[in-house]
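Spelled out, the chains give:
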Amino acid sequence: MSSIKPEKTLQGREYWRSLEQKAGSPEFRKWVENEFPYLEEELKQDETKLTRRSFLSVMGASFAMAGLAGCRRPIEKIVPFADQPEYMVLGDPEQYATALPMGTTSYGLLVTCNEGRPTKVEGNDRHPSSLGRTNPWMQAEILNLYDPDRSKYVLNKQSRSNWDSFKDAWTAKVEELEPLQGEGFAVLAKSSNSPTLSRLKREFLNKFPKAQWVAWDTVSDENILKGIATAVDRKTFFQPVYHFEHAKRVVSVDSDFLMTETDNVRNAVSFAKARKVTNPHDEMNRLYVVESGYSVTGAAADHRIRMKSSNIGSFLLELANQLGALGVEVPGAPKSKMGTGESRIEREKVKAIAKDLVEHRGESLVLVGRKQDEALHALALAINIALDNLGTTLTLHEMPDADVPRNEAMRSLVDNLSNGRVNTLILLGGDPVQTLPGDYRFKTLVETTGTVIHFGQYANATANLSAWHIPRAHFMEAWGDVRSVDGTASVVQPMISPLFGGKADVSFLAYLIRGEEVSDYDLVKETWQTMPGKVNWEKVLHCGALDGSASEAAEVRFDPGRMSSYLWNNWLEPNPGGGIEVVFVPDNTLYDGRYANNGWMQELPDPISKLAWDNAALISPKTASDLNLENGHMVRLSTADGLSLEIPVWIQPGHADHSLTLPLGNGLSELGRIAEGAGFNVFPFRSSRHPWIVPNVNLMTMGSQYTLTNVQEHGSMEGRALALENTLDGYRHEPEFAKHAEHVPDLQSLWVEHEYTSGNQWGMVVDLNACIGCGACTVACQSENNIPVVGKEPAGYGREMHWIRMDRYYTGDEDNPQIAYHPVACQQCEMAPCEQVCPVAATVHDEEGLNVMTYNRCIGTRYCSNNCPYKARRFNFYNYTNAYPETIKMAQNPDVTVRFRGVMEKCTYCLQRIMRAKRYAKREGRELRAGEVVTACQQACPTNAISFGNILNEEEQVTKDKRLDRNYEILAQINTRPRTSYLAKLRNPNPELDNNA
């Protein structure tokens, strides 16, 4: 019988995947004892009643869209050339530099193209915001580009029209607006940091001086920017840039800087550098996290303090006061402002943290997340200045071209719309009808405004209420420019002509201003001709960024007296009593909803909750027990402002009590077929007064149940935990703890061992100390290897196709556990159990040590899957790909076979990349170089947690990693001899604090 108890390492540390496993529930027992749990569920399904949404999810939103995609061929010549150009070698992919605009920042990309069509995204190692790495959203942009649900036509009151008709209508409108200098005219634009858009905005306001221009975003850094501006008494906004590689002690206050905060890729890269350990003598940083809901950053913490978000200001104030008691005076910090309320803070913990920071002055960092009030950001800056961190672990950079959202400007626009003072409204991007705070009642405002023009990539809810809708080009289809957080300027270079006739941001805005069509290329070139210094245009396009364009780190000073007065007047009292608060967070997969119609991101499990295809109100075990709630129970939330929301709950270990977390970005039903019915739209429950943290929310159970898809149990190791970790101090006392933990006897193989004659033997190492569980590797693998999306229902009973699964383990008390991540793919076993049982030799060993698949030989017996102890093989139950429309086919990697129904598939160490590197080396008459072969997961990982290469080559990083003390193989005791091994995770707890605090 399979074990239902929490899994233990051979060290004796107890791990558990879920509350059901910890409790040994009948549901969990049933799951692990049934070898094929999905078969029972499938028998209950009446496939004749397959819903429209589930069908389209399975087919990748393709079958119904095939005709639409087929009637509009891309202008770009993407088919193989009849006459091959001299400069192109067919079959060899090319890479081009561009940048992904992301609000007031950007990420540098390298896009791989095959015969004129983009197929894969990588990070640009020459760009300071990506440093050659990515996050899941950057990887998912390929599918966004080819989304067949994107807008294809100019619409006039939801009826198909054309660009010329819109031009006639706009010409008449301008004749009406110009004499009034734009009075009654307003623009609601998505936030940006583009030099060209900034220039055009100034041109717009010069032509229409009485018009109103408002920037907005569902996820913005307004609180951070305003807090810093107030602290330094400057009207100019400064963007903070964190240098974690120099920070030996980090205190993260409600900031998920590794995942959902701005500049998360650079943050992850630099943070991982400070946790790199190669021997017992190495130092490692220490991370303290204070938060309400569990985040990816919280999972990486050495100490995590759970606390209601509305009370977190008390922690920061207490920290400032404790620093003062230790001789580090924080300028402007109020003294005992919270009075007796401070007694709720565990002062001994705060005192220990303050002492640790003081001992590392100039090498520490305190940062606050965007959800918290601007006063906390001002105080955090004051703390960093007091600790001498400004200029070392933290620098501030001006934002000369940023169009930053401001709540007061948004409220002014809403007031003008409500009172009829705006009769012409242009919406540049997004879906404000579905995503603006509920108290704005924006749907009614759009319906009652004279002329509304929507410019966007989707004919969404806002477009359907507008007089005109103009399709917007994807950033890979248009010229543009952006700046990153440090001010580095980049050109957004198109990879392909607009697939659906969309207009570029800059050319559409220029037409509104000038009344004439100007190419996006010419507009961007105009801007860059005025850039300071001499700009080498071709070099910028090649490298992806303008060297030397980053702004200088600002020197700031502020008056402690003025600062103290500001904090006293603006400090927020903690939420009194035990009332329930609601906290909004960007979704770990859908972000702010821009990936809601992306099947890759919908099916990517949340790193913490492991939910897919849905969101839920996350709640602590104690609060759930107090309210008699279980997973999937529907509740109704309501506020004194008259806003309400119905949503299921999900019990999240480690969550703060009397607090609910609501992930943004789901439930945008009018966005597209993938998004339709996927999750719950929580945007309308936000209010302009409480955009992030809502106190004193009323919760009422509804007595109904909703089925949520959670995939964490699907890879259960039947009582055998795979993660291995220790403390830094424990590692120093026992450097070979990982080897001792394996207890591998001297095993003799049942079969004749492989003999190799090749000079290449491939292997991989995953450093669990660096892995943050973000899922970038999973999405990169899906993009690189043409892995299909299966949909919510099949994923719910174990049929997800991901070749890399990210196991998430809890350890410790359910109220305050720690989290350990463990990515698992095919282990490429030397003594592979799958090879011994395949009746048709579809899975075999090659001369370079790889376990390879012959798809055409596979007959689908699934014996190999049954015999795999790592549960790392996937069976393709449906023809997920046979009805792909032209656009989805364009996203496929031509170097990887598109599999059909009835075929077993798994990780291949990106064999196609190995073969490509060999081909290049042969063409140049040389051997493969160390580090030349890079797998998709390795290249995507933002923390450089994966090394890969020829383990016989002494210069390869993977060879060096396999010799480290922390290197171990999972389930080594069964003698499979996997080629993939792991470096055990280390934590660096403060000896003055409890390890689980």
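Structure: see above.
Residues numbered from 1 in each chain as written. Predicted model: local features only at pLDDT ≥ 70, side-chain atom pairs only at ≥ 80, totals over all residues. Heavy atoms only, no water.

The strand order across the open sheet formed by 4 strands is β13-β12-β11-β14, and the pairing between neighbours is parallel. Looking at strand neighbours, the two that pair on one side only are β13 (303-306) and β14 (364-368), the edges of this open sheet. Shown here is a sheet whose adjacent strand axes are inclined to one another by a mean of 10°, direction ignored. Bridging between strand β11 (residues 249-253) and strand β12 (residues 286-291) involves 5 bridges; their strand directions are parallel. Note on β12: the bridge partner recorded for Val 253 is Val 290. (Pairing = 2+ DSSP bridges. Helix = DSSP H or I, 4+ residues; strand = E, 2+ residues; numbered from the N terminus. Axes fitted to C-alpha atoms, helices over the stretch in contact; angles between N-to-C directions.)

Side chains that differ in charge, positive against negative, can pair when their charged atoms come close. Per the counting criterion, the structure on display carries 56 salt bridges. A salt bridge links Glu 526 to Arg 199; its shortest N-O distance comes to 3.3 Å. Taken together, the residues Glu 526 in helix α20 (residues 520-528) and Arg 199 in helix α8 (residues 195-207) connect sequence positions 327 residues apart. Its relative accessible area of 19% is what places Arg 199 among the buried residues. One salt-bridge network, in which partners are shared between bridges, spans Lys 120, Glu 122, Glu 784 and Arg 913. (Salt bridge = Lys/Arg side-chain N within 4 Å of Asp/Glu carboxyl O. Buried < 20%, exposed > 50% of the residue type's maximum accessible area, 1.4 Å probe, protein only.)

Strands sit in the order β3-β4-β5 across an open sheet of 3 strands; the sheet is antiparallel. Two strands lie at the open edges of the sheet, namely β3 (94-102) and β5 (117-123), each paired on one side alone. Averaged over all pairs of adjacent strands, the angle between their axes in this sheet comes to 35°, without regard to strand direction. Across 9 bridges, the pairing between β3 and strand β4 (residues 105-114) is antiparallel. Within the sheet, the bridge partner assigned to Ala 97 lies in β4 and is Leu 110. Contacting β3, β4 and β5, helix α6 (residues 136-145) runs over the sheet at an angle of about 170° to β5. (Contact = heavy atoms within 4.5 Å.)

Working note: a packed helix pair is described by the angle between its axes plus the distance between those axes. Where α6 contacts helix α27 (residues 776-784), the two axes come as close as 8 Å, and the packing angle between them is 20°. For the element pair α6 / α27, the angle class is roughly parallel. Here the hand of the crossing between α6 and α27 comes out left-handed. On α27, the residues that touch Pro 136, Gln 139 and Ala 140 of α6 are Ala 776, Val 779 and Ala 780. Taken together, the residues of the contact of α6 with α27 break down into 5 nonpolar, 1 polar and no charged. (Parallel < 35°, antiparallel > 145°, perpendicular 65-115°, else oblique. Left-handed = near helix turned anticlockwise from the far one by under 90°. Nonpolar A, V, L, I, M, F, W, Y, C, P; charged D, E, K, R; others polar.)

For the coordinates displayed, the defined rule picks out 28 aromatic pairs. Aromatic pair Phe 185 and Phe 208: ring centres 5.2 Å apart, planes at 85°, arrangement edge-to-face. Placement of Phe 185 in strand β8 (residues 185-190) and of Phe 208 in the loop between α8 and β9 (212-216) is noted, with a sequence separation of 23 residues between them. Comparing Phe 185 with Phe 208 shows no difference in burial state: the two are buried. Centre to centre, the rings of Phe 455 and Phe 508 are 4.3 Å apart; their planes meet at 10°, and the pair counts as stacked. On the criterion of sequence distance, the pair formed by Phe 455 in strand β17 (residues 451-456) and Phe 508 in helix α19 (residues 505-514) is long-range, its members being 53 residues apart. You can call Phe 455 buried: its relative accessible area is 3%. These aromatic residues form a ring-pair network of at least three members: Trp 163, Phe 166, Phe 455, Trp 468, Phe 508 and Tyr 511. (Phe/Tyr/Trp six-rings, centres within 6.5 Å; stacked < 30°, edge-to-face > 60°.)

Note on placement: Thr 527 falls in helix α20. Reaching out from Thr 527, the side chain makes a polar contact with the side chain of Arg 199 at a distance of 2.9 Å. With residues up to four places along the chain from it excluded, the contact list for Thr 527 reads Pro 195, Thr 196, Arg 199 and Asp 481. (Polar contact = N/O pair within 3.5 Å; in protein donor to acceptor, adjacent residues only side chain to side chain.)

With that settled, the discussion passes to α27. Judged by how many residues are buried, α27 sits mostly within the fold: 9 of 9 residues are covered. Looking at α27, one finds that the buried residues are Ala 776, Cys 777, Thr 778, Val 779, Ala 780, Cys 781, Gln 782, Ser 783 and Glu 784. For α27, the secondary structure elements touched by its buried residues are β5, α6, α23 (599-603), β31 (805-811), α32 (911-923) and α33 (936-940). Looking one or two residues past α27, Asn 786 carries a phi angle of roughly 55°, positive in sign.

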